[in-house]
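# Commentary on secondary and tertiary structure
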Amino acid sequence: MGTGTFTNEEIAYLRSLPAVARVSNGRIRYSEAFRRECMRRYHAGESPVRIFRDAGLDASLIGYKRIERCIARWRSMPDAPETVGGADGNEPGAARADGRLAKPFTPELNVRAGKRDLRDLLISQQVLLIEHLESEVERLRAEVGERPAK
């Protein structure tokens, strides 16, 4: 998200998400339940980018900076839960379950007739989900001692 504003199509998509309480052209207000769940998972060591992505809020749509600022703001709130683990929130270069470094898939949204295309965002989210599920399958196979599929 380079301009800081959302198209009408993006606003409609964001409004459909349970994590979003309100959205306008350039501002997102998150639900209290999402904020609490986000901080619970963040303090348990999960990546902020992954938490937002799981809620349908991919960084390619809302921007990494917006995610970083939310976490920083919510962390400093007086009702924030105590930190239980040291998550630095760096998604790039994060280690997979099998120990390899994962290079995250971060596509750019194509601009067509002055609008960003949400189809690209949805495709990128599906690619990320498939990658996550494949690594989980590899981890589980290793756990039960199966040979990897070819």
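Residues numbered from 1 in each chain as written. Predicted model: local features only at pLDDT ≥ 70, side-chain atom pairs only at ≥ 80, totals over all residues. Heavy atoms only, no water.

### Some words on the packing of aromatic side chains
Within the structure shown, the criterion is met by 6 aromatic pairs. With a centroid separation of 5.6 Å and an interplanar angle of 85°, the aromatic rings of Tyr30 and Phe52 are classed as edge-to-face. Here Tyr30 is found in strand β2 (residues 28-30), whereas its partner Phe52 is found in helix α3 (residues 48-54), with 22 residues between them in sequence. Accessibility classification places Tyr30 together with Phe52 in one group, the buried group. The interplanar angle of 90° and the centroid separation of 5.1 Å between the aromatic rings of Phe34 and Phe52 together place this pair among those described as edge-to-face. Taken together, the residues span a long stretch of sequence, with Phe34 in helix α2 (residues 32-43) and Phe52 in helix α3 at a distance of 18 residues. Judged on exposure class, the residue Phe34 and its partner Phe52 are both buried. Site record: aromatic cluster; members linked through ring pairs are Tyr30, Phe34, Phe52 and Trp74. (Phe/Tyr/Trp six-rings, centres within 6.5 Å; stacked < 30°, edge-to-face > 60°. Helix = DSSP H or I, 4+ residues; strand = E, 2+ residues; numbered from the N terminus. Buried < 20%, exposed > 50% of the residue type's maximum accessible area, 1.4 Å probe, protein only.)

Everything listed here is a matter of geometry and, on its own, says nothing about what the molecule does.
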